[in-house]
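Tertiary structure, described
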Amino acid sequence: MTAPMKFRTTGLARKLKPSALPALLAHAEEWGVPVTQEDGRFRLDLWGALAILAPVGEGYGIELGSPEELFLRALQDAISEAFAEQGAEISWTDVAEGALAPGLALMKLASAGLRSPGFLRLRVEGPEAPRFAAEHGLHFRLLLPPQDRAPIWPRVGPTGRVIWPRGEDRIHAPAYTTADQGADWIEFEVFRHEGSPTCAWLDRDPLGRMVGILGPNGGLRPEGAPLLLFGDETAIPAVSRILRLSAQPDARAWISCADPEDLGDLRRDPRATRATDLLAALERVETPQGSHVWFAAHASLARAARAHLLGRGLARTEFTVAAYWE
Ligand SMILES: Cc1cc2nc3c(=O)[nH]c(=O)nc-3n(C[C@H](O)[C@H](O)[C@H](O)COP(=O)(O)OP(=O)(O)OC[C@H]3O[C@@H](n4cnc5c(N)ncnc54)[C@H](O)[C@@H]3O)c2cc1C
């Protein structure tokens, strides 16, 4: 078993406690990563890339392969982090020490305007915008360094793990959805709510400031027909994008949202309905063969939705449930 990919790297975790491998594999299962075992080696299929773990003495050799260098480096960070959680450090054959965190683009905030009572629409500009096209992933993290301090961006450390600034330099990093994207810009929509550091930052008129856009990550367009989408306000940009990309006439969306104007484009989309109770709507929906349920809302609703769908007997591949806020 080797990783026949354009970009490769290898590493060695010399010592692994007995409980570490089962914990790492449980992690993989949580992420929905298929794992196969052959001759004591484990192969993890990670969204087009591969990780192979092979026993070496008391530890494991790790081989990563990816068609894209950026994804290889992101994987190197994620795997180093997962091993570190198990008390094991990986010695890699090569590490891009000092480089910006894999996937981090520094972009300029070009505009921010009210798109509806509850939402601001923001545009950031920079040459890396094409990387955020929908086929690479729908979401990213917005990196906001603290006000009045020179930004310290996360960079790759000597062990392959990204070092994030701490203390006074800590970066706020909420997730957002790319609403639209062009040759040198991306746009996204921020739901305004009480206690939001992102909204407080926007109130300070940061036009022209550099922000970090880390990704894309956190999900591709769900596959299935029909798509059955459920979300609260924070999921409106994602639902809207998924409906546009899938172009399925029989897709359906249920959105809980206090002000109908915040539905944006979805107001004119006959496939979208406002729901006062997302869980009740989920419980009522029929899930025909081939359909895919997608649900994104507050963490407690996401937990309840996952339990309901599993209780109904749906396979994990037949639904996607995400906690969008806590
Ligand atoms: C994959 C993904 C994609 C997302 N896409 C979008 C998007 O496109 N647009 C968008 O607006 N959001 C989106 N979200 C949700 C967004 O990341 C969260 O709402 C995040 O908390 C916003 O950061 P903040 O700086 O506003 O507040 P935080 O610092 O994260 O939280 C501050 C306080 O606000 C509370 N809070 C957070 N969200 C809400 C809310 N919706 N209503 C009321 N209180 C809240 C928290 O509980 C906390 O007490 C997405 C989340 C995920 C995981």
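Keep in mind the model is a prediction, meaning the values are calculated, not measured.

Conventions adopted
Residues numbered from 1 in each chain as written. Predicted model: local features only at pLDDT ≥ 70, side-chain atom pairs only at ≥ 80, totals over all residues. Heavy atoms only, no water. Helix = DSSP H or I, 4+ residues; strand = E, 2+ residues; numbered from the N terminus. Rg over C-alpha atoms; globule rule 2.2 N^0.38 Å. Buried < 20%, exposed > 50% of the residue type's maximum accessible area, 1.4 Å probe, protein only. Areas by Shrake-Rupley, 256 points an atom, 1.4 Å probe, with all protein chains shown as cover. Lys, Arg positive; Asp, Glu negative; His and termini not counted. Charge placed at Lys NZ, Arg CZ, Asp CG, Glu CD. Pairing = 2+ DSSP bridges. Axes fitted to C-alpha atoms, helices over the stretch in contact; angles between N-to-C directions. Contact = heavy atoms within 4.5 Å. Domains from an automatic or database assignment. Buried area = accessible area lost by both parts, 1.4 Å probe. Polar contact = N/O pair within 3.5 Å; in protein donor to acceptor, adjacent residues only side chain to side chain. Nonpolar A, V, L, I, M, F, W, Y, C, P; charged D, E, K, R; others polar. Phe/Tyr/Trp six-rings, centres within 6.5 Å; stacked < 30°, edge-to-face > 60°. Right-handed = clockwise from strand over helix to strand, strands pointing away. Near = heavy atom within 4 Å.

**Here we look at the overall build of the chain**
- Of regular secondary structure, the chain possesses 6 helices and 19 strands.
- Rg of the C-alpha trace for the chain: 21 Å, near the compact-globule value of 20 Å for 326 residues, within the 12% margin.
- Looking at the 326 residues of the chain, the share that counts as buried comes to 48%.
- With the model as given, the accessible surface of the chain reaches about 16,200 Å², and the carbon-plus-sulfur share is 51%.
- The positive charge centre, built from 35 side chains, and the negative charge centre, built from 42, are 1 Å apart in the chain.

**Here's the deal with the sheet that holds strand S9 (residues 139-143)**
- Taken in spatial order, the 6 strands of this closed barrel run S7-S8-S13-S12-S9-S14, and their pairing is antiparallel. Taking the axes of each pair of neighbouring strands and ignoring which way they run, one obtains an average angle of 45 degrees across the sheet.
- Sitting on the sheet, helix H4 (residues 236-246) touches strand S7 (104-116), strand S8 (119-125), S9, strand S12 (175-181) and strand S13 (185-191), and the angle it makes with S12 is about 40 degrees.

**Considering the environment of Leu229**
- Relative to the assigned elements, Leu229 resides in strand S15 (residues 227-231).
- For Leu229, a relative accessible area of 0% gives the class buried.
- Considering only alpha carbons, one finds Leu229 and Glu283, 54 residues apart in sequence, at a separation of 13 Å.
- If we ignore the near neighbours within four places in the chain, the residues touching Leu229 are Val239, Ile242, Leu243, Arg252, Ala253, Trp254 and Trp294.

**Topic: unusual backbone geometry**
- In the segment running from Gly215 into Pro216, the intervening peptide bond is cis, with an omega of 0 degrees.
- Its identity as a non-glycine residue notwithstanding, Trp47 has a phi of 50 degrees, on the positive side.
- Along the chain, Trp47 falls in the loop between strand S3 (41-46) and strand S4 (49-56).
- Classification of Trp47 by relative accessible area gives exposed; the value is 54%.
- One non-glycine residue, Ala247, adopts positive backbone phi at about 45 degrees.
- Relative to the assigned elements, Ala247 resides in the loop between H4 and strand S16 (252-255).

**Concerning the domain arrangement of the chain**
- When the domains of the chain are assigned, the result is domain 1 (7-92), domain 2 (104-217) and domain 3 (227-325).
- Domain 2 and domain 3 are separated by 25 Å when their C-alpha centres are compared.
- Contacts between the two partners involve 13 residues from domain 2, matched on the other side by 15 residues from domain 3.
- Counting the surface lost from both domain 2 and domain 3, the interface buries some 1,200 Å², and carbon and sulfur atoms represent 60% of this.
- For the interface between domain 2 and domain 3, the tally reads 7 residue pairs in polar contact (both at pLDDT 80 or more).
- Every element with two or more residues in the side of domain 2 that touches domain 3 is listed here: S7, S12 and S13.
- In terms of residue count, the dominant contributor to the side of domain 2 that touches domain 3 is S12 (3 residues).
- Looking at side-chain class alone, the side of domain 2 that touches domain 3 contains 6 nonpolar, 5 polar and 2 charged residues.

**Concerning the packing of aromatic side chains**
- The full count for this structure, using the stated rule, is 7 aromatic pairs.
- Note on Phe140 and Phe188: the rings are 5.1 Å apart at their centroids and 85 degrees apart in plane angle, and the pair reads as edge-to-face. Residue Phe140 is found in strand S9, and its partner Phe188 is found in strand S13; the two are separated by 48 residues along the sequence.
- For Phe140, a relative accessible area of 0% translates into the label buried.

**Concerning the pairing of strand S19 (residues 319-325)**
- In this sheet, S19 lies alongside strand S18 (residues 292-298) in parallel orientation, the contact comprising 6 bridges. Residue pairing in the sheet places Ala297 in a bridge with Ala323 of S19.
- What joins S18 to S19 is helix H6 (residues 299-311), and the crossover it makes is right-handed.

**Observations concerning the site of the ligand**
- The immediate surroundings of the ligand are formed by 21 residues, with His172, Phe191, Ser196, Thr198 and Glu326 found nearest.
- Separating a nitrogen atom of the ligand from a side-chain N or O atom of Thr177 is a distance of 2.9 Å.
- In this structure, His193 approaches the ligand through a side-chain N or O atom, which is 2.7 Å from an oxygen atom.
- Counting only elements with at least two residues in the shell around the ligand, the list comes to S12, S13, helix H3 (197-203) and S19.

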